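Descriptive structure summary
Chain by chain, the residues run as shown.
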Amino acid sequence: MTEQTHEGVGGPVPETMDNAQLVVVGTGFRAIGDLTVEARACLEQADKVLCLIGDPLVTRHIGALNASVETLDVHYAVGKPRSASYEDMVEHILSEVRRDQFVCVALYGHPGVFAYPGHEAIRRARLEGIAARMLPACSAEDWLFADLGLDPGERGCQSFEATDFLIRHRVFDPTGLLILWQVGVIGMMDRDPGYDARPGVTILADALVASYGSDHPVTVYEASPYVTAEPRMTTVPLAKLPDTPLSAASTLVVPPLPPRPVDRELLGRLAARR
Ligand SMILES: C[S@@+](CC[C@H](N)C(=O)[O-])C[C@H]1O[C@@H](n2cnc3c(N)ncnc32)[C@H](O)[C@@H]1O
């Protein structure tokens, strides 16, 4: 297939790349239960498994499916920019694929939702002529819709990364559902286990108050990884958000304001039959 000239982690790569393949799978949130049959088969059959999971139970389960498993979190370091960690993860993944192996990468949640390394590894592998694909899985947002009883189709749904939402003054519609990711690490650009998100959350709350008012209820949501534990769903008025404990796993849900009135003239034109 594709002749390669790269240097892999284990030395020079093979002359031919007949076996090289990359599949990026998600493990969802429910420990083990969210793993699809297809993702499990890939994990079992891969020559090399790399993972970035967080939950040690799931990592152990993957190790039982395939003893080759190695974790990508070695690329995180205190003070190292997150972008540099992701870059190292992508190159680690590619170095294994370039050794003419079937590599399966397992990321928690949906592997392509707010998750750079999987998409980028696939993009670069394809540029090198290597077959690469992603299998979807349940994201935090999927669990959120189920646990909070929300249907994104009812009022529309907007998802933003919390820091990006603030610093780019993102234009949004407060009469639709608003979901803000990574709110518990807002403003954090590197790995900092003791990070204090409160100053950033205060700025975020002030920005949201301008559109919703200080009494508007918001929910801090954390999906539960275990059947036996309830998800966290803490609802507070916006003014109290800075005093509400958050973690790296928190997602903020801002329910919509009342809908705008319907444009009757436009509705009439849409409904008109010739
Ligand atoms: C790097 S993103 C990863 C998202 C993940 N790929 C997914 O499919 O949901 C991390 C963010 O996902 C959300 N998240 C992670 N774990 C969560 C959980 N247990 N419950 C709710 N949201 C979660 C939070 O917004 C967190 O800051």
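Just so it is clear, the model here is predicted, and its values are computed rather than measured. (Residues numbered from 1 in each chain as written. Predicted model: local features only at pLDDT ≥ 70, side-chain atom pairs only at ≥ 80, totals over all residues. Heavy atoms only, no water.)

1. A short note on the sheet that holds strand E10 (residues 217-222)
So the rule is basically this: Strand pairing is defined by DSSP finding a minimum of two bridges between the two strands. Strands here mean DSSP runs of E at least two residues long; helices mean DSSP runs of H or I at least four residues long; both are numbered from the N terminus. Orientation is described by lines fitted to C-alpha atoms, with helices fitted over the stretch in contact, and by angles between N-to-C directions that extend from 0 to 180 degrees.
Here 5 strands make up an open sheet; going across it, the order is E8-E9-E12-E10-E11 and the pairing mixed. With partners counted over all chains shown, the strands left at the sheet margins are strand E8 (157-161) and strand E11 (232-237), one partner each. This sheet shows a mean twist of 20 degrees between the axes of neighbouring strands, independent of strand direction. As paired elements, E10 and strand E12 (residues 251-254) share 3 bridges and run antiparallel to each other. Residue pairing in the sheet places tyrosine 221 in a bridge with threonine 251 of E12.

2. Notes on helix H8 (residues 198-212)
Applicable threshold: To estimate the expected span of a helix, count its residues, drop one, and scale the result by 1.5 Å. Relative accessibility decides the category of a residue: with a 1.4 Å probe and only protein chains considered, values under 20% of the type maximum give buried, values over 50% give exposed, and everything between is partly exposed. What the arc describes is the spread of directions from the helix axis to the C-beta atoms. Throughout, a residue-residue contact means that at least one pair of heavy atoms, one from each residue, lies within 4.5 Å.
Across its 15 residues, H8 extends 20 Å between first and last C-alpha, which sits within 8% of the 21 Å expected from 1.5 Å per residue. Residues of H8 that are buried: Gly200, Val201, Leu204, Ala205, Leu208 and Tyr212. The buried side chains of H8 occupy one side of the element, clustering within an arc of 135 degrees when seen end-on. Among the exposed residues of H8, those oriented more than 90 degrees off its buried face are Ile203, Asp206 and Ala210. Buried positions along H8 lie against helix H7 (162-167), strand E9 (177-181) and E12. Among the residues trailing H8, glycine 213 stands out with phi positive, at a value near 90 degrees.

3. Overview of the packing of aromatic side chains
Defined as follows: Side-chain rings of Phe, Tyr and Trp (the six-membered ring for Trp) are treated as a pair once their centres are within 6.5 Å; stacked means planes under 30 degrees apart, edge-to-face means over 60, and tilted covers the remaining angles.
In this structure the tally under the stated criterion is 6 aromatic pairs. Geometrically, the ring pair formed by phenylalanine 114 and tryptophan 181 is stacked, given 4.3 Å between the ring centres and 15 degrees between the ring planes. Of this pair, phenylalanine 114 sits in the loop between strand E6 (102-107) and helix H4 (116-127) while tryptophan 181 sits in strand E9; the two residues are 67 residues apart in sequence, bridging distant segments of the chain. Residue tryptophan 181 is classed as buried on the basis of its relative accessible area of 9%. Arranged with centres 5.1 Å apart and planes meeting at 55 degrees, the rings of phenylalanine 165 and phenylalanine 172 form a pair that is tilted. Residue class for phenylalanine 165 comes out buried when judged on its relative accessible area of 5%. Ring-pair connections join several aromatic residues into one group, and the members of that group are Phe160, Phe165, Phe172 and Tyr212.

4. So, the domain arrangement of the protein chain
Applicable threshold: Domains are outlined according to an automatic or database domain assignment. For any pair of parts, buried area is found by adding up, for both, the accessible area (1.4 Å probe) each one loses once the two are put together. Charged means Asp, Glu, Lys or Arg here, nonpolar means Ala, Val, Leu, Ile, Met, Phe, Trp, Tyr, Cys or Pro, and polar covers whatever is left, Gly included.
Assigned domains of the protein chain: these are domain 1 (7-134) and domain 2 (140-254). The C-alpha-based centres of domain 1 and domain 2 are spaced at 28 Å. Of the residues lining the interface, 15 residues belong to domain 1; the matching set on domain 2 comes to 16 residues. Its largest share of buried area at the contact with domain 2, domain 1 owes to Arg30, Arg82 and Phe114, together 47% of the area lost on that side. In terms of residue class, the side of domain 1 that touches domain 2 is made up of 9 nonpolar, 1 polar and 5 charged.

5. Details of the site of the ligand
Let me state the cut-off plainly: Put simply, a residue is near a molecule or strand once any heavy atom of it comes within 4 Å of that molecule or strand. Residues adjacent in sequence count toward polar contacts only when both atoms are side-chain atoms; beyond that, a polar contact is any pair of N or O atoms within 3.5 Å, and within protein one must be able to donate a hydrogen and the other to accept it.
Taken together, 17 residues lie around the ligand, and His110, Val113, Ala140, Ala223 and Thr251 are the ones closest in. Between a nitrogen atom of the ligand and a main-chain N or O atom of tyrosine 108, the distance comes to 3.5 Å. When the residues that make up the shell around the ligand are grouped by side-chain class, the tally is 10 nonpolar, 6 polar and 1 charged. Taken domain by domain, the makeup of the shell around the ligand includes at least three residues from each of domain 1 (7-134) and domain 2 (140-254).

6. So, the environment of glutamate 120
Secondary-structure assignment places glutamate 120 in helix H4. With a relative accessible area of 10%, glutamate 120 lands in the buried category. Note: C-alpha distance between glutamate 120 and phenylalanine 145 (25 residues apart in sequence) is 28 Å. Within polar-contact distance, the side chain of glutamate 120 engages the side chain of arginine 124 at 2.7 Å.

7. Overview of the pattern of salt bridges
Under the convention used in this document: The term salt bridge refers to a side-chain nitrogen of Lys or Arg lying within 4 Å of a carboxyl oxygen of Asp or Glu.
For the structure on display, the rule yields 17 salt bridges. Connected through shared salt-bridge partners, Glu87, Glu91, Arg98, Glu120, Arg123, Arg124 and Glu128 make up one network.

8. So, the sheet that holds strand E4 (residues 48-52)
Read from one edge to the other, the open sheet built from 5 strands follows the order E5-E4-E6-E3-E7, with strand pairing classed as parallel. Both outer strands of the open sheet, strand E5 (70-71) and strand E7 (131-134), are each paired with one neighbouring strand and no more. As judged from the 2 bridges shared by E4 and E5, these two strands associate in the parallel manner. Bridge pairing links cysteine 51 to threonine 71 in E5. Where helix H3 (residues 82-97) meets the sheet, it contacts strand E3 (21-26), E4, E5 and E6, and its direction lies at approximately 170 degrees from that of E4.

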